[in-house]
Amino acid sequence: MISVSTTEGGNRAIGAFTASRLASNDIKILRWTVASGGQYALQRGNGPNLAAMSWRVLTQSSVFARANDLVDLEYLKRDGLLVLRVNGAVAAVGALTSAERPSHDTGATIAGVWGNGNNLTSNKLGGWQWLVPVSTGTVTRRMVSVDSTLTMPADVKLNPAQKRQAVGPVFDIRDYGAKCDGVYVTDARTQAGANYVWTNSYNFTSADIGKRIAVKGAGPVIANANDGVWLATITAIDGTAARVDSNATSTVTGARCVFGTPDDVAIAQAQKEAVRAGGGTVRFPAARTIATVPLNVENYVSWAGIDRNVSWVHVLQDNPGNGGVAGTSDWLTCAGRTTDNPLIGATFRDFGVNAEFHVHSAGYGTAVKPLNIYLVQRCSIERMNVWNTPATAVPFDHSYDQVTIGYNFILNPGRLAPSGVGPGGSGIGAGTKATGATEPTLIIGNVIRGMHSAAVAGPGHNGIFTEAQSGADPDAGVPGYRIVNNVVEGMPNGISDTGSTGTIISGNEIIGCGNGIRLAKTTLPDAYPGLHANILGNTIRGCTGPGETDGVGILIAMPSGGGPNLRDYLHTLITGNQIFECKSWGVSVENPAGSSVEITGIVVQGNVIRACGRSGVRLYSGSGRKLRQIAVRDNQLVGNGRRGISDDRAGVLVWSGATLEGGRIQDNDIYDLASNPTQVDTIVTTGATLTGARISGNTGDA
C-alpha cells in the first residue's frame, strides 16, 4: 500500500507519499478531489519528516485547480516518473532521480503534490478529500489508493465520481518481453548503393544487431506508395556505422531515422492477458516502441500510454497484401469485424503514433493506416498524437452509440493519398452505422495540420470527413455528428459532411485549407448526401490553393454526374460564421449541369464575409438545374473581390445562366470602405433567371 502523511492545516506537501513494500514493476495511484483553486505542481524534498522537509518544484503545470476536480497521482517506479492527471488528462509529468524515488526502506525521501505552497501562484490548492481511517491532531490519513494488483482495498469508500473513474487492470507491455528500446535521430547519413547507416548522435553497438531500422529519404520514391522510406535490419556494426541487409536507394544527410527491437509479440501478449482478465488497458511506457505487423484489437481492451508526448509507437511497415483490405497493411486493426460483431468498449488514449516510416509499396489503399478502427460501438480515441499517416489518421467508420474522438493532435495525415480525390487520406474519417438508432458521434477539440498551401495542393483530402455508410438514408433519421471546437489547418478540405442528418459544425477554426467547410455527396457509390446540417459560429480564414477556383470558405455542391439516392433538398443553415481572406468565394452554392437534383432550402444568414478574392456569396446552377428557396439575408459582406476578376466582385453574385426559384436576398449590409474599393458591385444577377425571388432591403456603398 501507499500511505499518505501530513499535518492537518500544515503548509507542506499535501499528497506527498512514502512507499512501503513496492514491487519492482508496479504502478501506484493516489486519487482525491480538489475543494478550492490553486496551481498543480509536483514536488520533491528531503528531511526526516514532512514538517522538516525542504521542498522544491519538480515540475509545475499550467493547469489550475478547480473545485471538484478529480486528481490522480501515479508513481511509476520502473520509470522513475510521477504522473499527475486532472479529470483523466495529464497535467504534469516529473522525473525523479534514483535517490529521490520513494523506497521501501526509508521515509526520508518523499515525492508528491504540493498543496497550500507559498511558492506557487496561488496558496489555495488545499482541501483534499481524505478517506478513513481519520484521527485528530497530527494525523496519518489515507487517500484513495490501490495495491500492486491495481485493486481497490475493501475498506476504501469511493464517492460516485471516483467510482466512475476507478482504474482497471493495466498490462504493461514490458512485463511481456517488450524492449521499448527505440531510438529516434535526425542526423542519419546514407550513401546510395551502400548498406550502411551513420549518425553522430548515437553510438551503434553489438546490442543493436537484429533491430529494425528506417531512414527517411534513403529509399525509393513511388507515387502514392512510398515517399522515400528505407526499411532494413541491422546485421553488424562496422566502426561507427550500422551495416544493414539492403542497400540505400539515395544518399541523404541530416535524415530522420528510427531503429529498435520490434515489440509485436509482447504487445499481442499484453492484449491477450487483458482479454483473459475480462478487460483492461494495454500500457505503453515512456519510451519508443517499434511495431511492424498488424494486430487485431479486442473488445473491452483499451490502449494507453503515460502521455502522448513521451509514450511513442513507431510503425515500421511495408507489408504485402491489398492496401484496401484491413489486416494486411495496417497496425491496430479491426479486420474481420462485421455489423453483428462490432468493436465494443475500447479506448485509445495518451500515446503517440508516428507513421512516417509506414508505407505500402504495392500502392496506396485506404487500409494503409496505423490505426484502422471501424465498426465501433461505445469507443473513443482521445488525447493522442497521430502523425504522418499514409492514409486516414483516425478512422471510425460504422460507428454508433456514444463514440468520441477528442483532443487529438493529428499532423500531416494522408501523406501518401492522392491530393483531393478518391477515398481516405483524412485527419479524421467517421461514418455512422446508419441504423436509425441513437448514434451520437462527438468530434471535439482536435487539432489537425496538413501540408496544403497556395502553391501546392497538399496530400490527403479532409481534415474531418463524415458520412453515413453505404445505403444509409439520412432522411430516415440517421443522426448526424457534433463537430465542435476543432482546429484544421492546411488540408485540401477543412471539414466535409457528406451524408447524415442534422450534423452540427460549430465553433471550429479552419485556416489555409482548399475549402473550409464542404457539403457534398460521399465517395460511397450508393450513399446519400447529408441533410439539415447546421454550420454555425465557425471562423474560416485564408482558404487557398493552386487552382483557379480553390479557396472557398463554405461550399455546397451537387455532383455533376448525378447518381442514385440524391435528394433535391438539403435545408442547410449557415449562420454566424466569420469567413475572411479566402482566395475565392466566401460561400458558394453550386448545382452544376448534369446534376440530377435541385438544391433547396439553403439559408445563409448573419455571417461576416470579408476580404475574399471573389464575390462574398455565389449562387450557381448549370443548364437545366435550379436553386430553390435560397435565403441570403442579414449578412455583412465587406471588401470582397480582391483578385479583381471581371464580373465577380460583388457582395452577392447570382451566376450568369443560373436559375433562382423563390427565396430571397434581403437585408444584407454590403460595402467596401477602402480608398480603392475591390467589391465594386452590391448584387449581380446579370444573365440569371429569377422566378419569385425577392431582392430588397440591402444596403451599402459598393
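Since we're looking at a predicted model, the values are computed, not measured.

Draft legend 1. Main features of the sheet that holds strand β12 (residues 183-190). Pairing within the open sheet is antiparallel, and its six strands lie in the order β12-β17-β14-β15-β16-β13. Single-partner strands in this sheet number two, and they are β12 and β13 (196-197). Bridge analysis of strand β15 (residues 226-238) against strand β16 (residues 241-244) gives four bridges, and the strand direction is antiparallel. Bridge pairing in β16 places I234 opposite V244.

Draft legend 2. Fine view of the nonpolar core. Core analysis: the largest hydrophobic core is formed by 90 residues, its most contacted members being W303, W331, F348, I373, F396 and L619. Of all the elements, strand β27 (residues 371-377) adds the most residues to this core, at five residues. Setting aside residues no more than four positions away along its own chain, W303 makes contact with I267, Q271, V282, F284, L295, V297, L332, T347, F348, R349 and F351.

Draft legend 3. Broad picture of the sheet that holds strand β53 (residues 627-628). If you trace the four strands from one edge of the open sheet to the other, you get β49-β53-β57-β61, paired in parallel fashion. Every interior strand has two partners, whereas the edge strands, β49 (599-600) and β61 (689-691), have only one.

Draft legend 4. Region of interest: the packing of aromatic side chains. Per the counting criterion, the structure on display carries 11 aromatic pairs. Here the aromatic rings of F284 and W331 are separated by 6.4 Å at their centres, their planes lie at 50 degrees, and the arrangement is tilted. Linking F284 in strand β18 (residues 280-284) with W331 in the loop between β22 (312-315) and β23 (332-333), this pair joins segments that are 47 residues apart in sequence. Pair check on accessibility: F284 and W331 agree, each one buried. Put simply, the rings of F284, W303, W331 and F351 pair up and form one aromatic cluster. Seen from the ring of W585, R618 lies directly overhead, with NZ or CZ sitting 4.0 Å from the centre.

Draft legend 5. The pattern of salt bridges, seen in detail. Counted by the stated rule, this structure contains 18 salt bridges. A salt bridge links D227 to R415; its shortest N-O distance comes to 2.7 Å. You can see D227 sitting in strand β15 and its partner R415 sitting in the loop between β32 (409-411) and β33 (428-432), a full 188 residues away along the chain. Take D227: its relative accessible area is 28%, and that puts it in the partly exposed class. The class of R415 is buried, set by a relative accessible area of 10%. Here R276 and E273 are joined by a salt bridge, their closest N and O atoms 3.0 Å apart. On the criterion of helical spacing, the pair formed by R276 and E273 is a turn pair, its members being three residues apart in helix α2 (residues 264-276).

Draft legend 6. Just the environment of V484, in detail. Summarising the element assignment, V484 is placed in strand β37 (residues 481-484). For V484, a relative accessible area of 16% translates into the label buried. Separated by 78 residues in sequence, V484 and G406 place their C-alpha atoms 9.7 Å apart. Sequence-distant contacts of V484, that is, excluding residues within four places in its chain, are made with L442, I443, I444, G445, S506 and N508.

Calculation criteria
Residue numbers run consecutively from 1 along every chain, following the written order of its sequence. pLDDT decides what is reported in this predicted model: residues at 70 or higher carry local features, side-chain atom pairs at 80 or more are listed and counted, and totals for whole chains, interfaces and linings draw on all residues regardless. The side-chain quantities take in all heavy atoms of the structure and omit both hydrogens and water. In short, DSSP must find at least two bridges between two strands for them to pair. Secondary structure follows DSSP: runs of H or I at least 4 residues long count as helices, runs of E at least 2 residues long count as strands, and numbering of each begins at the N terminus. Side-chain atoms within 4.5 Å link the members of a nonpolar core, which is a set of buried Ala, Val, Leu, Ile, Met, Phe, Trp, Tyr and Cys residues. Exposure is judged per residue with a 1.4 Å probe applied to protein chains only, and the accessible area is read against the type maximum: over 50% gives exposed, under 20% gives buried, and values in between give partly exposed. Only heavy atoms enter the contact rule, under which two residues are in contact if any of them lie within 4.5 Å. What counts as a ring pair is set by centres within 6.5 Å for rings of Phe, Tyr and Trp (its six-membered ring), and what kind of pair is set by the plane angle: stacked under 30 degrees, edge-to-face over 60, tilted for all other angles. Two conditions define a charge sitting above a ring: the NZ of Lys or the CZ of Arg must be within 6 Å of the ring centre, and it must be within 35 degrees of the ring normal. Salt bridges are identified by distance alone: a Lys or Arg side-chain nitrogen within 4 Å of an Asp or Glu carboxyl oxygen.

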